[in-house]
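# A structural walkthrough
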Amino acid sequence: MNDQGFSRRSVLRTAGAAGAGLGVGALGTGTGAAAEPGAADAAGQAAAPAAPPRRGRTMIGVPFERRRTVRVGLIGLGNRGASMIDLFLALDGVRVKAICDPVREKAERAAKKVTGAGQPAPTLYTKGDHDFEKLCARGDLDFVYVATPWEWHFDMAAAALRGGKHVGVECPLALELKQLWELVDLSERHRRHCMQLENCAYGRNEMRVLRMAHKGLFGDLLHSAGAYIHDLRELMFDPDYYEGPWRRKWHTRLKGDLYPNHGFGPTANYMDVNRGDRAVRMTTFGSPALGLAAYRKEHMPPGHESWKETYTESDMSISLVQTAEGRVIRLEHNVSNPHPYSRLNILAGTKGVFEDYPPRIYLEPDMSGHEWGDFGTYQEFDHWLWKEHANPPGGHGGMDYIMLFRLVQCMRLGLVPDFDVYDGATWTAPVPLSHASIKANGAPQEFPDFTRGLWKGKRDGVDSEKPRE
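Below: a short report on this structure.

What counts, and where the lines are drawn
- Residues numbered from 1 in each chain as written.
- Predicted model: local features only at pLDDT ≥ 70, side-chain atom pairs only at ≥ 80, totals over all residues.
- Heavy atoms only, no water.
- Pairing = 2+ DSSP bridges.
- Helix = DSSP H or I, 4+ residues; strand = E, 2+ residues; numbered from the N terminus.
- Disulfide = S-S within 2.5 Å.
- Buried < 20%, exposed > 50% of the residue type's maximum accessible area, 1.4 Å probe, protein only.
- Polar contact = N/O pair within 3.5 Å; in protein donor to acceptor, adjacent residues only side chain to side chain.
- Axes fitted to C-alpha atoms, helices over the stretch in contact; angles between N-to-C directions.
- Contact = heavy atoms within 4.5 Å.
- Core = buried A, V, L, I, M, F, W, Y, C linked by side-chain atoms within 4.5 Å.
- Domains from an automatic or database assignment.

## Focus on the sheet that holds strand β9 (residues 317-323)
Read across the open sheet, the eight strands follow the order β13-β12-β11-β7-β10-β9-β8-β14; overall the sheet is mixed. On the outer flanks of this sheet lie β13 (360-363) and β14 (445-446), each paired with one strand and no other. Bridge count between strand β7 (residues 221-229) and strand β10 (residues 328-334): seven bridges; the pairing is parallel. Among the inter-strand pairings, A227 is bridged to a residue of β10, identified as E332.

Here it is, written out as structure tokens:
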């Protein structure tokens, strides 16, 4: 869903470097010398990655500093960034002070939106691929928003944290385990939150199911499933939509789940991952990579740049995540084949099950006869955010707005954010872990404990209580 772009020049130059950096060594699970992806012990299971020593205090339970106005800098003005600026400007107490994109025309269009909303003209950063570093070094920003091609996410998030800013990053947070560990370390050392902006966690259905689960309506939880199944073939070959081949190029580098967050974020919330339970291991199997090549053969003319590409990304990857409590989470990823959009969004327990796309539910003792019931009859369990914002603006059914509204609310009131760097790292870790598992013929990969043992404590998350203003 983070259909963001960056300059074509930037994408083409960084694509090769990122591909080289994500070779065999870069995806290793260690934090020192890189290890072979899927390097296994005698039993075929990858050794557990060692947590680096903590050099700062945990960010679990750390509130934002209370502030009247949230001063924002935005990096990346492609499809995603250009749409999200409208939502930032629609929120009370937000001032957009800085905008960065190598394509100056985009930055100027975004600046007109800012001044059109009655705010002072923002400073523009358009002088090359690394001008974002100057934005992150400013002393008058509270929050940096990153919506760029994936290979830039880590560098930009790290620059924001080093510059003393809270930062929110579109999916995925980073692409290597060592990068995820470094973001955890930077967040702790600089006392700033680094958040994966997982908008699907704020979907109306997801939040309703979460509250129902916490109320015990599903009984003891057993298993869940989430996915990103979205036919992107036409868009990945569209030179304008993604501004070049950057997203398609990732299908030439990795084999596993490139985009686990939309499925894993909500399911992890259901299971209270990092809040009483944790992911301990994961195994992934992948289908052959045929879909993009078949689409190219049918639609791309001879001589098109894509004919130089060899696709390795599994059309369908299926991962199973085991939690410390013995529960199972299934994750699926497929953007290369014909299929109606689905995130699966399944939760099952000893008293019943919910399945989405379309939404349906079966709960005992409310229902009998093994016939699906009407999920609409459970509106009383809607999260207070959806009760107060029944028709939110923006795309994706309004959950983008709900996510940003809640983020800004937490910053203005000095509240603990609904999710933190440990959640973002956990939700993104399936990217390298799934690749390593497929490379090792499905061998289980040990899941890092980014909390360093603090996952056992119960604490609030997206299922929040309405704050007192």
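## Quick notes on the state of the cysteines
Two cysteines whose sulfur atoms are joined by a covalent bond form what is called a disulfide. The final tally for this structure, using the stated rule, is zero disulfides. In this model C100 remains outside any disulfide bridge; the closest cysteine sulfur is found in C136, 8.1 Å from its own. Given a relative accessible area of 2%, C100 falls into the buried group. A relative accessible area of 1% places C136 in the buried class.

## Things to note about the side chain of H153
For H153, the location among the structural elements is in helix α5 (residues 153-162). There is a polar contact of 3.2 Å between the side chain of H153 and the backbone oxygen of E170.

## Focus: the pairing of β13
Pairing analysis gives four bridges linking strand β12 (residues 352-355) to β13, with the strands arranged antiparallel. Directly across from V353, in β13, lies its bridge partner Y362. Joining the antiparallel neighbours β12 and β13 is a turn of four residues, in which Y357 adopts a positive phi near 65 degrees.

## What about the sheet that holds strand β4 (residues 143-146)?
Ordered in space as β3-β2-β1-β4-β5-β6, the six strands form an open sheet in which the pairing is parallel. Two strands lie at the open edges of the sheet, namely β3 (123-125) and β6 (194-196), each paired on one side alone. Between one strand and the next, the sheet's axes are offset by a mean angle of 25 degrees, whatever the strand orientation. Across four bridges, the pairing between β4 and strand β5 (residues 166-169) is parallel. Bridged to V144 within β5 is V167. Along the sheet, helix α2 (residues 79-90) contacts β1 (70-75), β2 (94-100) and β4; its crossing angle with β4, the most-contacted strand, is approximately 145 degrees. The sheet contacts of α5 involve β1, β4, β5 and β6, and relative to β5 the element is tilted by about 165 degrees.

## Focus: helix α14 (residues 421-428)
Burial analysis of α14 places eight of its eight residues in the buried class, which makes it a mostly covered element. Every buried residue belonging to α14 is among V421, Y422, D423, G424, A425, T426, W427 and T428, and all of these are buried. On the buried face of α14, the contacting elements are α6 (177-190), β6, α10 (261-270) and α15 (430-439). Where α14 starts, the residue carrying a side-chain oxygen 3.1 Å from the main-chain nitrogen of Y422 turns out to be D420.

## Description of the nonpolar core
Counting residues in each nonpolar core, the largest one holds 112 residues, and the members touching the most others are L183, Y202 and F218. Counting only domains with at least three residues in this core, you end up with domain 1 (70-196) and domain 2 (200-385 + 419-446). In this view, L183 contacts F154, A157, A158, L161, L173, A174, C194 and V421; residues no more than four positions away in its chain are not counted. Among the nonpolar cores identified, the runner-up in size contains 19 residues, and Y242, L254, L258 and L292 belong to it.

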